[in-house]
Amino acid sequence: MTTSRIKPSQRERKRYVLVSVDASNPPADYPDRIVEAAERKLGLLDAAKASVFTAKTYRNTRHLILRVANSHVEELIKAVNGIEHLDDVPVDTETCIMSGTIKQVKDWYHARY
């Protein structure tokens, strides 16, 4: 039984979004809570289609990189910007940059922080 690789042109396209979290005392697992809150705002069907994952977390500056399907980037940005509370702690979330490669997002982050 041989397995063949999926061609790059047939793979699902992903985008990477850098999110800044501003809170006085966020929960310890705030990256997971951000993803859960965004999925709640997206709804059940769109959350499954968007397939949001945390790609990288910078805990010292409270930034995280989210991976999302190409066709649902705008919905994710709206959902993340609409998050106001995590476990009754007021938070201010902001999307900083969106790119097609994680390297570009990391380079942008390291150039500024």
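Residues numbered from 1 in each chain as written. Predicted model: local features only at pLDDT ≥ 70, side-chain atom pairs only at ≥ 80, totals over all residues. Heavy atoms only, no water.

**Things to note about unusual backbone geometry**
With phi around 55°, D87 is a residue other than glycine that occupies positive phi space. Mapped onto the elements of the fold, D87 is located in the loop between β4 (85–86) and β5 (89–99). The exposure class assigned to D87 is partly exposed, which follows from its relative accessible area of 46%. A positive phi is found at D88, a non-glycine position, where the angle reads about 65°. By the secondary structure assignment, D88 is in the loop between β4 and β5. (Helix = DSSP H or I, 4+ residues; strand = E, 2+ residues; numbered from the N terminus. Buried < 20%, exposed > 50% of the residue type's maximum accessible area, 1.4 Å probe, protein only.)

**Overview of the nonpolar core**
With 24 residues, the main nonpolar core has V19, V52, L66, V68, L76 and L86 as its most contacted residues. Looking at this core, the elements that each hand over two or more residues are β1 (14–23), α1 (30–42), α2 (44–50), β3 (63–69) and α3 (73–81). The dominant element in this core, judged by the number of residues it contributes, is α1, at six residues. Grouped together as the second largest cluster of nonpolar side chains are six residues, L18, Y58, V105 and Y109 included. (Core = buried A, V, L, I, M, F, W, Y, C linked by side-chain atoms within 4.5 Å.)

**A short note on the side chain of T93**
Tracing the sequence through the fold places T93 in strand β5. Residues contacting T93, with those up to four places away along its chain left out, are V19, S20, V21, I34, V80, N81 and I83. (Contact = heavy atoms within 4.5 Å.)

**Here we look at the packing of α1 against α3**
Closest axis-to-axis distance for the α1/α3 pair is 9 Å, and the angle between their directions is 115°. Taken as axis vectors, α1 and α3 run roughly perpendicular relative to one another. Both α1 and α3 take part in a crossing whose hand is right-handed. Contacts from A38, K41 and L42 in α1 reach E75, L76, A79 and V80 in α3. Taken together, the residues of the contact of α1 with α3 sort by class into five nonpolar, no polar and two charged. (Axes fitted to C-alpha atoms, helices over the stretch in contact; angles between N-to-C directions. Parallel < 35°, antiparallel > 145°, perpendicular 65-115°, else oblique. Left-handed = near helix turned anticlockwise from the far one by under 90°. Nonpolar A, V, L, I, M, F, W, Y, C, P; charged D, E, K, R; others polar.)

**Quick notes on α1**
Given a rise of 1.5 Å per residue, 13 residues ought to cover 18 Å, and the 18 Å separating the end C-alpha atoms of α1 matches this to within 8%. Taken as a whole, α1 has its buried residues at Y30, P31, I34, V35, A37, A38 and L42. Across the axial projection of α1, the buried residues extend over an arc of 165°, all falling on one side. G43 occupies a position one or two residues after α1 and carries a positive phi of about 95°. (Expected span 1.5 Å × (residues − 1). Arc of directions from axis to C-beta.)

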